[in-house]
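The lines below spell out each chain.
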Amino acid sequence: MQSAAAPTRAGSRLCTRCGERKAALKRPKTLEQICRECFYIVFEDEIHQTIVDNNLFKAGERVAIGASGGKDSTVLAYVLSELNKRHKYGLDLFLLSIDEGITGYRDDSLETVKRNELQYGLPLKIVSYKDLYDWTMDDIVKAIGLKNNCTFCGVFRRQALDRGAALLKVDKIVTGHNADDIAETVLLNILRGDIARLSRCTFITTGEDGPIPRCKPFKYTYEKEIVMYAYFKKLDYFSTECIYSPNAYRGFAREFIKDLERMRPRAILDIITSGENFRISTTTRMPEQGTCERCGYISSQKLCKACVLLDGLNRGLPKLGIGRTAKVGAGADGSGEQQGKRAERRNRSSLQGKHGNLDF
Amino acid sequence: MHLTLEFGGGLELLLEKSTKVHKVDVQPRDGEDKATMKGLLSWVKSNLIKERPEMFIKDDSVRPGVLVLINDCDWELCGGLDAELEDKDVVVFISTLHGG
Ligand SMILES: [Zn+2]
Ligand SMILES: [Zn+2]
Ligand SMILES: [Zn+2]
């Protein structure tokens, strides 16, 4: 992997951008060798450019950052508040966290988010499964075991984020999904033959027809650079895998992407481009959209998915709402959910149900 | 040769008591006059990693998705596995694979 002339000691090359300081990293996207200071500049500028090119925000908007305490959302909160000041976006930024009620995991990561609240001066709102549904994930796992818990977590989190955003009266939610995450989801949707989700999972903004649109300013940002940025800037983030998330299938896809990246770093952007180039045929049936009779959340069935699942939990029949219409096929949203898939097709990004990866 | 090794991004969980920083004394491998990253990786694997070594090592290198910095410089700029180490070097390993 190294050329014959590669130096074997650190710090012997100069930055190709400024020509003055020692190079500190090799950019996966461009293979440039740049110093730390130049890296900060290009990293932040590219995200700014993505925001401008895609008209992600309008002045005066209130924006919630889905904050898990993990690397992606921590770097997003930091960079977005910097760019907001520097380029005068005129945004009111908030941190929005979901407390699923997972002892030893979410309670620790929430401590990180609380420190971020002070460090970045962004107001924090935490909404909990316990308050919204009267069930914690710990309770749910006790009732249903480890098998389908990601279905619950995915459905509940998606809704919890919308409800938290409504409480904050925000116009938009931003999440920390990065280029590697999106490439991985493209791959999963190909493996599952889910053409409807395939192109949509690459959209930078989703849910524009739903209650609150969501966008991904890190769509073109490599995970390597996010982690390098957090390391050089000494940002405070939390890095433990969810204890209830043995999502092996997604794990293989991730590993495959990382192997490809090592051989050819451009592969990640190329996979995103392939996903973008798929188009849904106009004959694909899209569902009518309504609201849940019980809780008012967006739904094309009488009851929304969360209410069906809650019904099952509360009646001691937790299997209710899982896999009843298995023939519809599971989508690559990481939750493996089946029933209600079509019902919700229009309203979410396929990344939102992801569990192993702490952002929403 | 004294080295400081740092593990982050969840890799520390593979080590005894999840300790992040390790001050170690490592010698070049038999038949080599300089210690290299390649030698260090196998040393770490047999001396520090307590569980799930596959989260750290794959095919004699770090698992793809694990970042390595030598004295705060991306190891991809220092020769990768062939990078030579000197006394008092600081080597950092960070997993990008845990959490979002
Ligand atoms: Zn420079
Ligand atoms: Zn409902
Ligand atoms: Zn991520």
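If you're wondering where the values come from, they're calculated on a predicted model, not measured in any experiment.

Definitions and cut-offs
- Residues numbered from 1 in each chain as written.
- Chains lettered and ligands numbered in written order.
- Predicted model: local features only at pLDDT ≥ 70, side-chain atom pairs only at ≥ 80, totals over all residues.
- Heavy atoms only, no water.
- Donors = N, O, S within 2.8 Å, 3.2 Å for Na, K, Ca; no water.
- Tetrahedral: all angles 85-135°; square planar, octahedral: opposite > 155°, others 65-115°.
- Helix = DSSP H or I, 4+ residues; strand = E, 2+ residues; numbered from the N terminus.
- Buried < 20%, exposed > 50% of the residue type's maximum accessible area, 1.4 Å probe, protein only.
- Pairing = 2+ DSSP bridges.
- Contact = heavy atoms within 4.5 Å.
- Axes fitted to C-alpha atoms, helices over the stretch in contact; angles between N-to-C directions.
- pLDDT = per-residue confidence, 0-100.

Draft legend 1. Representation of the coordination of the zinc ion (ligand 2). Protein coordination at the zinc ion (ligand 2) comes from Cys-292 of chain A (SG), Cys-295 of chain A (SG), Cys-304 of chain A (SG) and Cys-307 of chain A (SG), with a distance range of 2.2 to 2.4 Å. Here the zinc ion (ligand 2) binds four donor atoms, and the angle range of 106 to 115° at the metal identifies the geometry as tetrahedral.

Draft legend 2. Broad picture of the coordination of the zinc ion (ligand 1). Residue and element names in this part refer to chain A. Ligation of the zinc ion (ligand 1) by protein atoms is provided by Cys-15 (SG), Cys-18 (SG), Cys-35 (SG) and Cys-38 (SG), these donors lying 2.3 Å from the ion. Between the four donor atoms coordinating the zinc ion (ligand 1), the angles at the centre fall across 102 to 115°, so the site counts as tetrahedral. Coordination of the zinc ion (ligand 1) draws on donor residues from a single chain, spaced C-x2-C-x16-C-x2-C in sequence. You can see Cys-18 sitting in the segment before β1 (25–26) and its partner Cys-38 sitting in helix α1 (residues 36–53), a full 20 residues away along the chain. With relative accessibility at 25%, the residue Cys-18 sits in the partly exposed group. The class of Cys-38 is buried, set by a relative accessible area of 1%.

Draft legend 3. How the structure looks around the sheet that holds strand β5 (residues 66–70) of chain B. One open sheet holds the five strands; their spatial order is β2-β1-β7-β5-β6 (chain B), and the pairing between them is mixed. Of all strands in the sheet, those with a lone pairing partner are β2 (21–25) and β6 (73–74) of chain B, marking the two edges. Here helix α9 (residues 223–232) of chain A sits on the sheet and contacts β5, β6 and β7 (90–95) of chain B; the angle it forms with β5 of chain B, its principal contact strand, is near 45°.

Draft legend 4. View of the confidence of the model for chain A. All names here are of chain A. Model confidence for chain A is summarised by a mean pLDDT of 82, while 80% of its residues fall at 70 or above. Within chain A, helix α13 (residues 341–344) has the poorest average pLDDT of any element, 40, and α1 the best, 98. The model gives residues 324–360 a pLDDT under 50, and that stretch makes 142 contacts with residues more than four places away or in other chains.

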